[in-house]
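Next come the chains, spelled out residue by residue.
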Amino acid sequence: MFQDRLRTILAPAVQAAFNDCFGQSPDAGSIGFQPTRPEFEGDTTINVFPFLKLSGKGPEPTAQAVGEHLVKHVGEVARFNVVKGFLNIVVADAYWLGFLNEAAGTDILKFTPTGQKMMVEYASPNTNKPLHLGHLRNIFLGWSVGRILEAAGNEVVKVQVVNDRGIHICKSMVAWRMYGNGETPATSGLKGDKLVGKYYVAFDKAYKAEVAGLIAAGEPEADAEKKAPILLDAQDMLRRWEANDPEVRMLWATMNGWVYDGFNATYARVGVGFDKSYYESNTYLLGKEDVLKGVENGVFFRKADGSVWVDNTPEGLDEKVLLRADGTSLYITQDIGTAIQRFVEFPGLSRMIYTVGNEQDYHFKVLFLILKKLGFSWAPGLFHLSYGMVDLPSGKMKSREGTVVDADDLIDEMVAEARSTGEQLSKLDDLGEQEKQALFEQIGLAALKYFLLKVDPKKRMLFDPKASIDLQGHTGPFIQYTYARIRSLLGKAGVQAEPPGQVPSANASLLPEEKAVIKGLHQFPAVLNEAATKLDPSAMANHTYELVKAYNTFYQTVPVLKEEDASKRALRLAMSAAVAATTKKAMWCLGIEVPERM
RNA sequence: GAUCCCGUAGCUCAGCUGGAUAGAGCACCUGCCUUCUAAGCAGGCGGUCGAAGGUUCGAAUCCUUCCGGGAUCGCCA
């Protein structure tokens, strides 16, 4: 709706200018508008260098001629100046005021429905260990992408896939039976996922001890690693699980139940949820039929031993096995089956987005290629939202080496940090403890989420636990603070409703600080559009920061409530309200809440 | 060995569909609370945009090579 509204006015006008002045015009799309650099006067700038062949003149006369034509024919263009090949255009204040008037009455980040339905898978935890910082990046990213797509007018189905079966959970089960003494979350006071994680670690410790013992007894290392009794127990447990052994299934269901309670507590705390959860125990046998069908159709081939393969060498990839010689399936087989199942279950999905770390780039390339070869019409709508690892100063997080940053602990620390800062400032002394705690949760989570979301998803990022996450500067709390300050201002002015109504337009003239804020608002729809197109919350995060920064400068230098001129006061209140509403929506898109005071 | 990602200020990151003198935050230094919330504002310090070539009127941005970091290439998940 508001996207590039200035462009839709100016681009044809520039074309007309070229036509009238030089007899030919550039393509509308080739005209680049860029923000005018602050050292020159202007709002938007056109570089005429690319069009000198059309004009047959030098850069300055070309820009001059176009500028004069624009001023004469386009009401929105107030004046211009030319510096080298750059045509700096000053847009009339009336245009900005007109935009503000429209924006004041609507949500500029609500797009018209596209009619498209999309699925975003944004969590895929294993049930043998608690969530850590890497999971948080994954979850926040995918959740935010879902929100952004919703804001952009799409229907979004949010799902997780739980890796609830396999050797990893059997390891925890074996260890719990050996060392657990019947311990439960209730008896131990431990969160369920933490409890099960504890026994996974216990398994690893016992396993290593047994291996060491075998090696000491003269066993070669490679054999020792395969023969350790506790590992054999786990493998036996897995076989019994597959054979539906009631006792094993019972233990498995119990321990997974503890883990889900733990996960759900964390999900609830960070404010995310799922429309549907898939469990690997229900889907791990899928895909086999589809692969066999592919063999019949000649998409796949069999080797002499009976195993089934796909040949991706023509596409620059490798051959990949899809079914073992004994007919059992592999991870990718299952992924083929679940993808197909999802499109059956949710007909009309135009896209399916997998939020998974970049270590699986190759896997998804292969998976998507296979589904394309199988001829599914929806295959082009598959997308791997790949993100970089979160590194510690010491390098990669490794669960076995105990260098993971636990999600719950980290959230606790952030909330404690927010509390410590908040209590020091003592602006909130009149709040009850419960209200305070809720507020510090909001702030701590905002700091954490913003920290993880402001970085380009595909880049690796560094987290230094010792340095902790800032609450000042380019942070979530900074944005929250700006919002709270505006809400307070509006409250004092008696403008509580979020659209404050009409702005006195027409002849008002804008201060630079006012115009900067309105321009920030003006470009926001394009920002959402960009974020939705690129599936990139960082674009949204960074522009929100730019907007509130511009607002803070305005706030600090221009009076609002103390302004005596009623129309100026109304204008500034309207601006403030629009910034608050847009900020709130933008933060919603990031999955971050915004407080009424702080 | 092959493929992919990344390299911008002391640190963490923007900018990358080619455009003017490369921007923020943190840290460090200076100012600003008897005026709408100082988790703020204004200013200072800080850069061979990994290196070298190339394309171009113009390159942090595109191409090539090299260096450095990471990931993947399993009848694991």
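The structure displayed is predicted, hence computed values, not measured ones.

Rules and cut-offs
- Residue numbers run consecutively from 1 along every chain, following the written order of its sequence.
- Think of it this way: whatever chain is written first is A, whatever ligand is written first is 1, and the rest follow in order.
- Thresholds applied to this predicted model are a pLDDT of at least 70 for local features of residues and 80 or more for the giving and counting of side-chain atom pairs; totals over whole chains, interfaces and linings are not thresholded and use all residues.
- To get the side-chain values, take all heavy atoms of the structure and skip hydrogens and water.
- We call a residue near a given molecule or strand whenever any one of its heavy atoms falls within 4 Å of it.
- Residues adjacent in sequence count toward polar contacts only when both atoms are side-chain atoms; beyond that, a polar contact is any pair of N or O atoms within 3.5 Å, and within protein one must be able to donate a hydrogen and the other to accept it.
- Put simply, DSSP H or I for four residues or longer makes a helix, DSSP E for two residues or longer makes a strand, and each gets a number counted from the N terminus.
- Residues were grouped as follows: Ala, Val, Leu, Ile, Met, Phe, Trp, Tyr, Cys and Pro as nonpolar; Asp, Glu, Lys and Arg as charged; and all remaining residues, including Gly, as polar.
- One bridge is not enough; two strands pair if DSSP finds at least two bridges between them.
- Note on geometry: axes are C-alpha line fits, over the in-contact stretch for helices, and angles between N-to-C directions span 0 to 180 degrees.
- Start and end positions for the domains come from either an automated domain assignment or a database one.

## Points about the protein's contact with RNA strand B
And then number 1: Close contacts around RNA strand B come from 61 residues, with Arg37, Asp305, Lys427, Tyr481 and Lys562 the closest.
And then number 2: Near-protein atoms of RNA strand B (within 4 Å) split between backbone and bases, with sugar and phosphate holding 61%.
And then number 3: Measuring from a sugar or linking oxygen of RNA strand B, one finds a side-chain N or O atom of arginine 460 at 3.3 Å.
And then number 4: Counting only elements with at least two residues in the surface near RNA strand B, the list comes to β2 (44-47), β4 (86-91), α16 (407-425), β15 (461-462), α18 (476-493) and α21 (537-557).
And then number 5: Per-element accounting of the surface near RNA strand B gives the leading share, seven residues, to α18.
And then number 6: Its residues placed into classes, the surface near RNA strand B shows 28 nonpolar, 16 polar and 17 charged.

## Things to note about the sheet that holds β4
And then number 1: Read from one edge to the other, the open sheet built from four strands follows the order β1-β2-β4-β3, with strand pairing classed as antiparallel. Two strands close off the open sheet at either side, each with one partner strand: β1 (33-35) and β3 (77-83). In this sheet, adjacent strand axes meet at a mean angle of 30° when their direction is disregarded.
And then number 2: Across four bridges, the pairing between β2 and β4 is antiparallel. Bridge pairing links threonine 44 to isoleucine 89 in β4.

## Things to note about the domain arrangement of chain A
And then number 1: Segmentation of chain A into domains returns domain 1 (2-91), domain 2 (166-277) and domain 3 (408-589).
And then number 2: For domain 1 versus domain 2, the distance between C-alpha centres works out to 67 Å.

## Here's the deal with the sheet that holds strand β10 (residues 319-323)
And then number 1: Strand order in the open sheet formed by three strands is β8-β9-β10, with antiparallel pairing between adjacent strands. Either end of the sheet is taken by a strand with one partner, and the two such strands are β8 (301-302) and β10.
And then number 2: Relative to strand β9 (residues 308-311), β8 runs antiparallel, the two being bridged by two bridges. Within the sheet, the bridge partner assigned to phenylalanine 301 lies in β9 and is tryptophan 309.

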